[in-house]
Amino acid sequence: MLRTAIAVSGLLLSTHLSAATFTVTRLDDPPPNGCLANDCSLREAVIAANATAAADIVQLGNGTHELTRVCVPDTQFCQDIDVTQPLTIRGNGSSLTEIISSIPLNASPLTTDRGHARVIEASSTLSLQNLRLRRGYSVSSNTYGGLGGCLLISQTTSTLSNVVITDCGVLGGASSLSGGGAAISGGSSVWTAVTVSNSRAYQGGGVSVQGTLSGSNVVITGNRASTGGGVGMRAGAVMALGGGSRISTNTAEYAGGVYSAFATELRGERDSLLKIDHNLSESSCGGVTLFDVAPFGMTQNMLLRYLSLDSNVAKTHGGGICTHSAGSLPSGIVSILDSEIVNNSAGRDGGGIMITHTQAQQRTTIERVSLSRNIANRGAAVHASNGTLTMTNVSSHDNDSTTGAIHVLAGSAELTHVSSLDDNLSIDAGGTLRLRASVMSSNCAGNVQDGGFNFARSGSAGCPGTPASSGALALAYDSYGGPYRIVGITSSTSPLREVVPPVLGATDARGWLRQNLHDVGAHEFDGVSP
């Protein structure tokens, strides 16, 4: 009785706006009856913090804090930890402090909420620091459609710092079951030094984003899904991760690394590319998939920028990136900018980039991109079917396919300042392709039109422009001081120098400002660093 009286008094005192720190002193999950000085569980501490509008702190000690309480319906007194007021939950390090769920998956008899056993659900501002979340699961959820195996952030802001999320899952066959490790459902979240691993869901095996996720040193690895092994993005989502962030070694039936449906933006930073590498798709799209449908005239522009796609594999189409625009009307513009796409492979088409459109008006823009050592049966660097493709300041190097490294199956393409070096076939145009201010080192096939100021290595059949020997062209593959390696001019006497009429503000593949008369290809010999 004394314990209950003290607990009630503490809760009444905590309704003022001065923030309090609640220190957790036990690792188990007893029936909640107050957070006392020497007798306070994690659940009791969060319940006490929820009783005040102040931004309180819950301090955890070393060890495993285990959630075991079951009840119907789910409340803050059982199941997962519910955060309903601004709160920081702080541990002593992800290797020292962890929170796990030991609630059985079939603990709740309600069919619409069967197996709701995630670790933390927040509907108010949340900060997680220096801890690990593990073994949270959800089979389905009547309210949230099965989001977030270990962590669900719903319509609020959050920050995560030095956090590991692992061994989690959202189980079931519906596409609404997403975010095996964590789900951001509206609002924004900033992550620093966060790892999400070994988790699974139908979509977004590691993370689901339906809001904004930004941060640095974020690693999403070893997750699995039917769609989007590492990340699932939907409905205008934005993901901006720099500072050593990686989406790596994830697996899915479709879209091994990232699946983005109607999302707005996926990007790294100019000086710290977001690395998307060694992801595997059992069918199409090893690294990233962009999917957009415009059945009612609705459009959504989608942007990929500052990415490094490396060694992703698709067993059929699209080793590095897939863009798919469907519907009876033109969708938004897909833009792939300022990125390197290297060492990716596809069993059929599009080793680096696979572009699939259903309408001729649908558009893809590729600017300041380097494509190297990608492999596919057709279009090792880029394979485009239908739609309109624009490529500017693009370097293609040592890509391997039986058709052109750049393969335009149908539709139209406009290529300006594009260089192809050591590709086994530079261009194959089944549609209409116009080439301007570019240099080709291998053969060209199909309908390749001359837009002027082009050069081709002597002996390259079908490529428009002035023939020149390999030595005279003076091309090599290197970084040239930029953020990634490109095909560039190595000599001031190259015939590619100072031959193209200038365009105010034009930049090369590194983002360096072009000078005077512009050089042919993706590299400006005397470019000015930004």
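Visitor: Would you mind going over the confidence of the model for the protein with me for this structure?
Guide: Any residue range with low pLDDT should be treated as having predicted coordinates unsuitable for detailed reading. Within the protein, residue pLDDT values average 90, and 90% of them lie at 70 or more. Here residues 1–16 is a poorly scored stretch, pLDDT under 50, and it has 19 contacts once near neighbours within four places are set aside; other chains count. Segment residues 109–113 is flagged for pLDDT under 50; beyond a separation of four residues in sequence, or across chains, it makes 11 contacts in the model.

Visitor: Please clarify how the side chain of E121 should be interpreted in this entry.
Guide: Along the chain, E121 falls in strand β7 (residues 120–122). With relative accessibility at 12%, the residue E121 sits in the buried group. Polar contacts involving the side chain of E121 include one to the side chain of R118, which spans 3.0 Å.

Visitor: What am I meant to see in the state of the cysteines here?
Guide: In protein chemistry, a disulfide is the covalent bond that joins the sulfur atoms of two cysteines. Counted by the stated rule, this structure contains 5 disulfides. Linked covalently through their sulfurs, C35 and C40 form a disulfide whose S-S length is 2.0 Å. Because the sign of the S-S torsion sets the handedness, a value of about -105° for the bond joining C35 and C40 places this disulfide among the left-handed ones. For C35, a relative accessible area of 24% puts it in the partly exposed group. For C40, a relative accessible area of 0% puts it in the buried group. Each bonded cysteine of the protein gets a number by its place in the sequence, and the pairs then read 1-2, 3-4, 5-6, 7-8, 9-10.

Visitor: Whenever I open this one, the pattern of salt bridges confuses me. Can you help?
Guide: Pairing between side chains of opposite charge can happen when their charged atoms approach one another. The final tally for this structure, using the stated rule, is 23 salt bridges. Between R26 and D28 there is a salt bridge, with its nearest N and O atoms 2.6 Å apart. For R26, a relative accessible area of 25% gives the class partly exposed. Residue classification places D28 among the partly exposed positions, given a relative accessible area of 39%. The salt bridge partner of E282 is K315, with a shortest N-O separation of 2.7 Å. Placement of E282 in the loop between β24 (280–281) and β25 (288–293) and of K315 in the loop between β28 (313–314) and β29 (321–326) is noted, with a sequence separation of 33 residues between them. Connected via shared salt-bridge partners are R305, D338, E367 and R368.

Visitor: What's the story with empty space enclosed by the protein in this structure? I'm lost.
Guide: Where empty space is left becomes clear once a probe the size of a water molecule has been rolled over the atoms. Counting across every chain of the model gives 4 cavities of 30 Å³ or more. Taken as a whole, the largest cavity holds about 40 Å³ of empty space. As for the largest cavity, its lining consists of R26, L27, D28, D29, S41, L42, R43, H65, E66 and L67. Put simply, the parts of the chain that give the lining of the largest cavity at least two residues each are α2 (42–50) and β3 (63–67). Ranked by the residues each element gives to the lining of the largest cavity, the list is headed by β3, at 3 residues. Considered class by class, the residues forming the lining of the largest cavity number 3 nonpolar, 2 polar and 5 charged.

Visitor: Got a minute to help me understand the pairing of strand β23 (residues 274–277) in this structure?
Guide: Within a regular beta strand, the side chains point alternately toward one face of the sheet and then the other, so they alternate between its two faces. Sheet topology note: the strand β19 (residues 246–248)/β23 ladder contains 3 bridges and is parallel. Directly across from S248, in β23, lies its bridge partner D277. For β23 and strand β27 (residues 307–310), the ladder comprises 4 bridges, and the chain directions are parallel. If you follow D277 over to β27, its bridge partner there is D310.

Visitor: Teacher, can you tell me more about unusual backbone geometry here?
Guide: Note: most residues except glycine have negative phi, and most peptide bonds are trans. One non-glycine residue, Q155, lies in the positive phi region at around 55°. Mapped onto the fold, Q155 is located in strand β10 (residues 151–166). Judged by relative accessible area, which is 60%, Q155 ranks as exposed. Even without a glycine there, the phi angle at A474 is positive, about 55°. Tracing the chain through its elements places A474 in the loop between α3 (470–473) and β43 (475–478). Residue classification places A474 among the buried residues on the basis of a relative accessible area of 9%.

Procedures and definitions
Residues numbered from 1 in each chain as written. Predicted model: local features only at pLDDT ≥ 70, side-chain atom pairs only at ≥ 80, totals over all residues. Heavy atoms only, no water. pLDDT = per-residue confidence, 0-100. Contact = heavy atoms within 4.5 Å. Helix = DSSP H or I, 4+ residues; strand = E, 2+ residues; numbered from the N terminus. Buried < 20%, exposed > 50% of the residue type's maximum accessible area, 1.4 Å probe, protein only. Polar contact = N/O pair within 3.5 Å; in protein donor to acceptor, adjacent residues only side chain to side chain. Disulfide = S-S within 2.5 Å. Salt bridge = Lys/Arg side-chain N within 4 Å of Asp/Glu carboxyl O. 1 Å grid on protein atoms, 1.4 Å probe; cavity = no way out; pocket = protein on both sides within 12 Å on 5 of 7 lines; lining within 4 Å. Points joined across faces, edges and corners; volume = space filled by probe spheres on them. Nonpolar A, V, L, I, M, F, W, Y, C, P; charged D, E, K, R; others polar. Pairing = 2+ DSSP bridges.

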